[in-house]
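Descriptive analysis of the structure
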Amino acid sequence: MAFILVSNDDGFASPGTRALVRELKKKHELFIAVPDRNYSWIGTCSNTKIPVKVKKKRLDGLVWHVFNSPPVDCVNIALTHLVKKKPDAIVSGINAGLNNSAALTSGTIAAAEHGAWFGLVALAASVGFSEPKKFEERDSIQYPFYAPAAKITSKILDVLLEEKKDAAGRVFNVNFPQEITGEKVFLTNVQKVSPFPYFGKKNNFFVHLKPRARVTKLDAAGDIAAFERGRISLTPLKRFETVD
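Just so you know, these numbers come straight off a predicted model, no measurement behind them. Numbers given to residues run from 1 along each chain, matching the order in which its sequence is written. Per-residue local features are limited, in this predicted model, to residues with pLDDT of at least 70; the limit for side-chain atom pairs, both in listing and counting, is 80 or more; totals at the level of whole chains, interfaces and linings are taken over all residues. Remark: hydrogens and water are excluded; side-chain values derive from all non-hydrogen atoms of the structure.

A closer look at the overall build of the chain
- Counting from the N terminus, the helices are the DSSP runs of H or I reaching at least four residues and the strands are the DSSP runs of E reaching at least two. In terms of regular secondary structure, the chain is built from seven helices and 11 strands.
- With the C-alpha coordinates of the chain rotated into their principal frame, the extents come out at 45 × 45 × 40 Å.
- In the chain, which comprises 244 residues, the proportion classed as buried is 50%.
- Between two residues, a contact is recorded if the distance between any of their heavy atoms is within 4.5 Å. Pairs at least 24 residues apart make up 79% of the contacts formed inside the chain by residues separated by at least 6 positions.
- Just so you have it, the chain exposes about 12,700 Å², and 53% of that area is on carbon and sulfur atoms.
- Positive charges are assigned to Lys and Arg, negative charges to Asp and Glu, while His and the chain termini are left out of the count. A charge is said to be at NZ when it belongs to Lys, at CZ for Arg, at CG for Asp and at CD for Glu. Between the mean site of the 35 positive side-chain charges and the mean site of the 24 negative ones, the chain shows a separation of 4 Å. Remark: exposure states derive from per-residue accessible area (1.4 Å probe, protein chains only) relative to the maximum for the residue type, with buried under 20%, exposed over 50%, and partly exposed in between. Only the protein chains shown count as cover for residues, with accessible areas throughout obtained via the Shrake-Rupley method and a probe of 1.4 Å.

This is the structure we're talking about:
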């Protein structure tokens, strides 16, 4: 049994995280630290404007520590003030939406990165959607793709924990297709993408767009290509050199 910190950017009671917690609690001790609302696309932003409050809420038989602050703050405060011992790993997600190489401001990945900075094994997990889905449908615990993603995420975590000495301080990013038809996981590269606009102009305002990565040359071994082929991708990201 390992001690796992769980976080996300989708907020308290998000179905992906609930599915993840239900799976991980079968064999691990969990500390759950999540925002009180959706903080998608918040990246590494930290709250400097208002005092951060932490509320304890019970869900699925466990205590969730719920913060009025972005994901990075949840992780930082949990690790520096709340946990009684250092976790073995952090798992962030499971996010409702793809977080591949084009997700430069992902709060899901940022939470995992912050845990890696503290020397933890760090895993970010996301489910992508190949076709438009109603918001309330994909944000339902009954949505059929979170449970199998959670099972595979748990197995990936087990492998990383077995290699803890080499995996600690490193961020790994797993992305699942909408239709999960097997458990084979492909180790992929970070796809090189060109800069692209986040906003479009509408009248006198700029409105956030659904981001579309600009790829000059598709890397057949990259995570974007894997998603297009309906594959589960596991992409090693940055490594943090930490000092105890």
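Remarks on the packing of aromatic side chains
- Between rings of Phe, Tyr and Trp, where Trp is taken as its six-membered ring, a pair exists when centres lie within 6.5 Å; planes separated by under 30 degrees are stacked, by over 60 edge-to-face, and by other angles tilted. Within this structure, the stated rule accounts for two aromatic pairs.
- For the pair F12 and W64, a centre-to-centre distance of 5.5 Å together with 90° between the ring planes defines the contact as edge-to-face. Here F12 is found in the loop between strand 1 (3–7) and helix 1 (15–24), whereas its partner W64 is found in strand 4 (residues 62–67), with 52 residues between them in sequence.
- Using a relative accessible area of 0% as the deciding quantity, one classes W64 as buried.
- Ring geometry for W117 against F118: centres 5.4 Å apart, planes inclined by 80°, an arrangement best described as edge-to-face.

Details of the packing of helix 1 against helix 5 (residues 146–162)
- For helices, the fitted line uses only the C-alpha atoms of the stretch in contact; every axis is such a line through C-alpha atoms, and the angle between N-to-C directions lies from 0 to 180 degrees. Here helix 1 crosses helix 5 at 50°, and the two axes come no closer than 8 Å. Between helix 1 and helix 5, the angle falls in the class oblique. As for the relative orientation of helix 1 and helix 5, their crossing is right-handed in sense. Contacts between helix 1 and helix 5 involve P15, G16, A19, L20, E23 and L24 on the former and, on the latter, Y146, A147, A150, K151, T153, S154 and L157. Should an angle fall under 35 degrees it is taken as roughly parallel, and over 145 as roughly antiparallel, whereas 65 to 115 is taken as roughly perpendicular and any remaining angle as oblique. Handedness of each helix crossing follows the sense of rotation of the near helix against the far helix: counterclockwise by less than a right angle gives left-handed, clockwise gives right-handed.

What to know about the pattern of salt bridges
- For this analysis, a salt bridge means a side-chain nitrogen from Lys or Arg found within 4 Å of a carboxyl oxygen belonging to Asp or Glu. Inspection of every chain in the model, using the stated rule, returns nine salt bridges.
- Among the salt bridges present, the one from D158 reaches K27, with a minimum N-O distance of 2.4 Å. In this pair, D158 sits in helix 5 while K27 sits in the loop between helix 1 and strand 2 (29–35), placing the two residues 131 residues apart along the sequence.
- Residue class for K27 comes out partly exposed when judged on its relative accessible area of 36%.

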